[in-house]
Amino acid sequence: MDPRSPDGTAEIEGPPRISVVCLAHAEGARGEEIGQRLADRLGFRYADDEIVVAAAEAAGAFPEAVSLAESRSPGRWLEVDFNRFEKTEDVRELIRNAVVETAADGDVVIVSHAASFALEGRGGVLRVRITASSETRERQLSETGLDGDEAARRVKDADKDMKAYLKHFYGVSQELPTDYDLVVNSDRVTAEQAVEAIVAVAAT
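A brief look at the structure comes next. (Residues numbered from 1 in each chain as written. Predicted model: local features only at pLDDT ≥ 70, side-chain atom pairs only at ≥ 80, totals over all residues. Heavy atoms only, no water.)

## Concerning the overall build of the chain
Next up, step 1: A tally of regular secondary structure across the chain gives eight helices and seven strands.
Next up, step 2: C-alpha extents for the chain along the principal axes are approximately 65 × 40 × 30 Å.
Next up, step 3: Split into buried and exposed, the 204 residues of the chain put 39% on the buried side.
Next up, step 4: Surface summary for the chain: the accessible area is close to 11,400 Å², and the carbon and sulfur share equals 48%.
Next up, step 5: Counting 24 positive and 39 negative side-chain charges, the chain places the averaged centre of each group 4 Å from the other. (Helix = DSSP H or I, 4+ residues; strand = E, 2+ residues; numbered from the N terminus. Buried < 20%, exposed > 50% of the residue type's maximum accessible area, 1.4 Å probe, protein only. Areas by Shrake-Rupley, 256 points an atom, 1.4 Å probe, with all protein chains shown as cover. Lys, Arg positive; Asp, Glu negative; His and termini not counted. Charge placed at Lys NZ, Arg CZ, Asp CG, Glu CD.)

## What to know about the packing of aromatic side chains
Next up, step 1: What the rule picks out here adds up to four aromatic pairs.
Next up, step 2: Centroid distance Phe117 to Tyr170: 6.0 Å. Interplanar angle 35 degrees. Geometry classified as tilted. Of this pair, Phe117 sits in helix H5 (residues 115-118) while Tyr170 sits in helix H7 (residues 148-170), placing them 53 residues apart in sequence.
Next up, step 3: Take Phe117: its relative accessible area is 11%, and that puts it in the buried class.
Next up, step 4: A relative accessible area of 22% places Tyr170 in the partly exposed class.
Next up, step 5: With 6.1 Å between their ring centres and 85 degrees between their planes, Phe117 and Tyr180 make a pair best called edge-to-face. A residue pair is termed long-range when its members are at least 10 positions apart, and Phe117 in helix H5 and Tyr180 in the loop between H7 and strand S7 (182-185) qualify at 63 residues. Each member of the pair, Phe117 together with Tyr180, is buried.
Next up, step 6: Among the aromatic residues, those joined into a ring-pair cluster are Phe117, Tyr165, Phe169, Tyr170 and Tyr180. (Phe/Tyr/Trp six-rings, centres within 6.5 Å; stacked < 30°, edge-to-face > 60°.)

## Some words on the pattern of salt bridges
Next up, step 1: A full pass over the atoms with the stated rule returns twelve salt bridges.
Next up, step 2: In this structure, the salt-bridge partner of Arg30 is Glu33, at a minimum N-O distance of 2.9 Å.
Next up, step 3: In this structure Arg30 comes out as partly exposed when scored by relative accessible area, which is 31%.
Next up, step 4: The class for Glu33 is partly exposed, based on a relative accessible area of 25%.
Next up, step 5: As a salt-bridge pair, Arg129 and Glu175 come within 3.5 Å of each other at their nearest N and O atoms. (Salt bridge = Lys/Arg side-chain N within 4 Å of Asp/Glu carboxyl O.)

## A few points about helix H1 (residues 31-42)
Next up, step 1: In a regular helix each residue adds 1.5 Å, so twelve residues correspond to 16 Å; H1 covers 16 Å between its end C-alpha atoms and thus fits that length.
Next up, step 2: Inspection of H1 places Gly31, Ile34, Gly35, Leu38 and Ala39 among the buried residues, and these make up the whole buried set. The arc that holds every buried residue of H1, seen down its axis, measures 135 degrees, which confines them to one face.
Next up, step 3: Contact partners of the buried residues in H1: strand S1 (20-25), strand S2 (45-47), strand S5 (108-111), strand S6 (125-131) and helix H8 (191-202).
Next up, step 4: A positive phi of about 75 degrees marks Gly43, the residue just after H1. (Expected span 1.5 Å × (residues − 1). Arc of directions from axis to C-beta. Contact = heavy atoms within 4.5 Å.)

And the structure:
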């Protein structure tokens, strides 16, 4: 039986409420700051390191080993516990499962861990990417205390690692803006403006 509005007409069911925001970000683009502000604004919990911790606890592994898996090539072996080794792709599967389980609880901003791809096709999820030019990202990393050469190296390595991660684990040969519902350029948008934009989209 169709639900009815007070005037007796059939109500049209809309899209599910946004209860999960996946926030991917380029290294140095202020993604963590935006994610934390967004979680506070929405009253959601913030999940980044807890994804790694949950994956590690599920397998009785070192959190450091799980974190390292995100930057290692498939087929490599990682020591996940004393004298216990697992392949990189198996550890990454633990991360994916942790993302899915975290999303199932709802009301969460999940930062990093390719969460937008892990939750592809799931309702109630807003997929956001925060990006910026290499120059901006290097400058912002330098403001944290890194020298210019180290900041440039970190940006380059992070981009390379993420490209390999998406290709080998999710079959994404090239990350595109259309992989996301909203792309924010922090070259021109402040952290607070980014939060306002994401909240506005999440509320529609």
